[in-house]
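Inside the fold
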Amino acid sequence: MDKGKIYEMIINNLPHGFSLVDKDGIVTEFNRSAEKITGYRRSEVIGKSHLEIFHGSSDKSLCPLMQYALKKKKGADFLESTLTRKTGETLYLSVTIFPIYDDDGSFLGGVELFRDVTSQKKEERERKNILSMFAHDMKNPVVISRGFLARLLSNKAGMVNATQREYCETIDGELKRLHELISDFLQFSRFEAKEYVPVFSLFNLERALAEHVESLRIEADKKNINIELDIPSGLASEVSADGSMVCRVISNLLDNAVKYTNPGGTITIAIADKDDQLIVSVKDTGVGISSEHLPFIFDAFYRVGKDSKGSGLGLFIAKTIVEAHGGTIWVDSAPAKGSVFSVSLPKKRSEDTHSS
Ligand code: ADP
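Parameters at a glance
Residues numbered from 1 in each chain as written. Predicted model: local features only at pLDDT ≥ 70, side-chain atom pairs only at ≥ 80, totals over all residues. Heavy atoms only, no water. Salt bridge = Lys/Arg side-chain N within 4 Å of Asp/Glu carboxyl O. Helix = DSSP H or I, 4+ residues; strand = E, 2+ residues; numbered from the N terminus. Contact = heavy atoms within 4.5 Å. Domains from an automatic or database assignment. Phe/Tyr/Trp six-rings, centres within 6.5 Å; stacked < 30°, edge-to-face > 60°. Buried < 20%, exposed > 50% of the residue type's maximum accessible area, 1.4 Å probe, protein only. Lys NZ or Arg CZ within 6 Å of the ring centre and 35° of its normal. Near = heavy atom within 4 Å. Polar contact = N/O pair within 3.5 Å; in protein donor to acceptor, adjacent residues only side chain to side chain. Areas by Shrake-Rupley, 256 points an atom, 1.4 Å probe, with all protein chains shown as cover. 1 Å grid on protein atoms, 1.4 Å probe; cavity = no way out; pocket = protein on both sides within 12 Å on 5 of 7 lines; lining within 4 Å. Sits in = over half its atoms within 2 Å of the grid points. Pairing = 2+ DSSP bridges. Axes fitted to C-alpha atoms, helices over the stretch in contact; angles between N-to-C directions. Points joined across faces, edges and corners; volume = space filled by probe spheres on them. Nonpolar A, V, L, I, M, F, W, Y, C, P; charged D, E, K, R; others polar.

Here we come to the pattern of salt bridges. Scanning the model with the defined rule gives 14 salt bridges in all. Between Asp172 and Arg146 there is a salt bridge, with its nearest N and O atoms 2.9 Å apart. With a gap of 26 residues between them, Asp172 in helix α7 (residues 162-193) and Arg146 in helix α6 (residues 118-153) connect regions that are remote in the sequence. Here Lys176 and Glu180 are joined by a salt bridge, their closest N and O atoms 3.4 Å apart. Placement of the pair is Lys176 and Glu180 together in helix α7, with a separation of four residues, close to one helical turn.

Another point: the environment of Val21. Locating Val21 in the fold gives a position in strand β1 (residues 17-22). Residues Val21 and Pro99, spaced 78 residues apart in sequence, show a C-alpha to C-alpha distance of 9.4 Å. If we skip the residues at most four places from it in the chain, Val21 touches Ile26, Val27, Thr28, His50, Leu65, Met66, Leu108, Gly109 and Gly110.

For the rest of this paragraph, the subject is the domain arrangement of the chain. What the domain assignment lists for the chain is domain 1 (3-116), domain 2 (121-192) and domain 3 (201-355). Taken over C-alpha atoms, the centre of domain 1 sits 50 Å from the centre of domain 2.

Note on aromatic pairs: each is described by the distance of the centres and the angle between the planes. Scanning the model with the defined rule gives nine aromatic pairs in all. Look at Tyr40 and Phe54: their rings are 5.5 Å apart centre to centre, the planes differ by 85°, and that puts the pair in the edge-to-face class. With Tyr40 in the loop between α2 (32-38) and α3 (42-45) and Phe54 in helix α4 (residues 50-55), this residue pair connects regions lying 14 residues apart in the sequence. Each member of the pair, Tyr40 together with Phe54, is buried. Between the aromatic rings of Phe185 and Phe188, the centroid separation amounts to 6.2 Å while the plane-to-plane angle is 45°, which identifies the pairing as tilted. Placement of the pair is Phe185 and Phe188 together in helix α7, with a separation of three residues, close to one helical turn. An aromatic cluster is built from Phe185, Phe188, Phe301 and Phe316, whose rings are joined through pairwise contacts. When the ring centre of Tyr101 is taken as reference, the NZ or CZ atom of Lys74 above it lies at 5.5 Å.

Let's shift gears to the site of the ligand. Of all residues adjacent to the ligand, which total 20 residues, the nearest are Asn256, Tyr260, Asp284, Ser311 and Leu315. Lys259 places a side-chain nitrogen or oxygen 3.2 Å from an oxygen atom of the ligand. Between an oxygen atom of the ligand and a main-chain N or O atom of Ser311, the distance comes to 3.0 Å. About the coverage of the ligand: the protein hides 97% of its 530 Å² of free accessible area. Assessed atom by atom at 2 Å from the grid points, the ligand resides in the largest pocket. When residues of the shell around the ligand are traced back to their parent elements, those giving at least two are α9 (243-259), α10 (314-324) and β12 (338-346).

Note: C-alpha distance between Asp172 and Arg146 (26 residues apart in sequence) is 6.2 Å. Here Asp172 is in contact with Arg146 and Leu149, once residues within four sequence places are set aside.

Another aspect to go through is the sheet that holds strand β2 (residues 27-30). Spatially, β2-β1-β5-β4-β3 is the arrangement adopted by the five strands of the open sheet, whose pairing is antiparallel. The open sheet terminates on both sides in strands that have one partner only, identified here as β2 and β3 (77-84). Pairwise comparison of adjacent strand axes, ignoring direction, gives a mean angle of 30° for this sheet. Here strand β4 (residues 90-101) runs beside strand β5 (residues 107-116); their pairing, made up of nine bridges, is antiparallel. Within β5, the position partnered with Ile97 by the bridge is Glu112.

Let us look at the layout of surface pockets. Of the voids in this model, the largest pocket is the one considered here, and its volume is about 1900 Å³. If you trace the largest pocket, you find 47 residues lining it, with Lys176, Glu180, Asp255, Asn256 and Lys259 closest to the centre. The set of elements that each furnish at least two residues to the lining of the largest pocket consists of α7, α8 (205-222), α9, α10 and β12. In terms of residue count, the dominant contributor to the lining of the largest pocket is α7 (ten residues). Classifying every residue of the lining of the largest pocket gives 14 nonpolar, 16 polar and 17 charged. There are two domains that each give the lining of the largest pocket at least three residues, and those are domain 2 (121-192) and domain 3 (201-355). Within this model, the second largest pocket holds a volume of roughly 260 Å³. As for the second largest pocket, its lining consists of Tyr92, Lys121, Glu124, Arg125, Lys128, Asn129, Ser132, Leu186, Ser189, Arg190, Glu192 and Ala193. Among the secondary structure elements, those contributing two or more residues to the lining of the second largest pocket are α6 and α7.

And the structure:
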């Protein structure tokens, strides 16, 4: 059998959709799987514009393959994309694209290999919805139980003796932890469900830090941890930010500093003005983190000590929020010496800068 025939057979029997286009996006090859996935017959697409048929416009920037080639990128790229079938329904595709260049580097055309992953996507979405509904429903009983415990502790149902108080406080501590785990998980599943876009308004960082420090004092005092603030006087500490979310970042970092610092230690919170950014740093004299763990510390569910009582989501949530603001989060740490977690936040959004 001649080679051309063999190649044709291989391409036609590929379990993936295969589409070959020339440099102008005209379809020159379209296999059986591609016909099955898209609903278009080979004869309907060969010689026609891939852009018009599958992207509904001749605009090359709408086609990932053309965009990739316009940037002169080489090698394969893997992406997820949607496609409207001939029948009108929307499909989710997992696509591999690779442009082809001649020896002089001129773009000749490219290949798209694709699989229909609509049913996997649907299952994934349903699984995430179930998990987040489940987490949401778990929150109410915890809140109600803590409310009744608070009533017991304030002697509203008769005098509570010292042992009963101690037990009730232990139960409340555990419920508080459960509440935090559920909140972290809910936030995580929201971030997973759709890209987080901050709602910007003017936000005073210094005031937010001072408020968080106050609410943390009881916990810190219990562990005999000293908290210091290092904020230059007269600092203009306003940023354009999603206030409630930046508060979440601050409280994650401060809670961790208290959690991972031994009694007698010190936590220093600073704000520094650096060009068009404000840098918040939270320094502790705590247990520190060894270098093998540092690259993973901002990953979801990553915890250094598996007996840590946290979810391993706090730093992931902080990173997602900071990066959505156009900022950065990083850590310097050494075991037994302590850690410094730093966050940079642009004072203004780039749109604000352009419009002013
Ligand atoms: P967790 O809820 O477990 O605290 P985080 O995402 O906030 O989750 O932190 C991930 C891991 O990073 C923690 O389990 C802990 O091991 C380590 N870590 C975070 N902050 C500190 C810190 N200030 N000092 C030492 N280790 C820390």
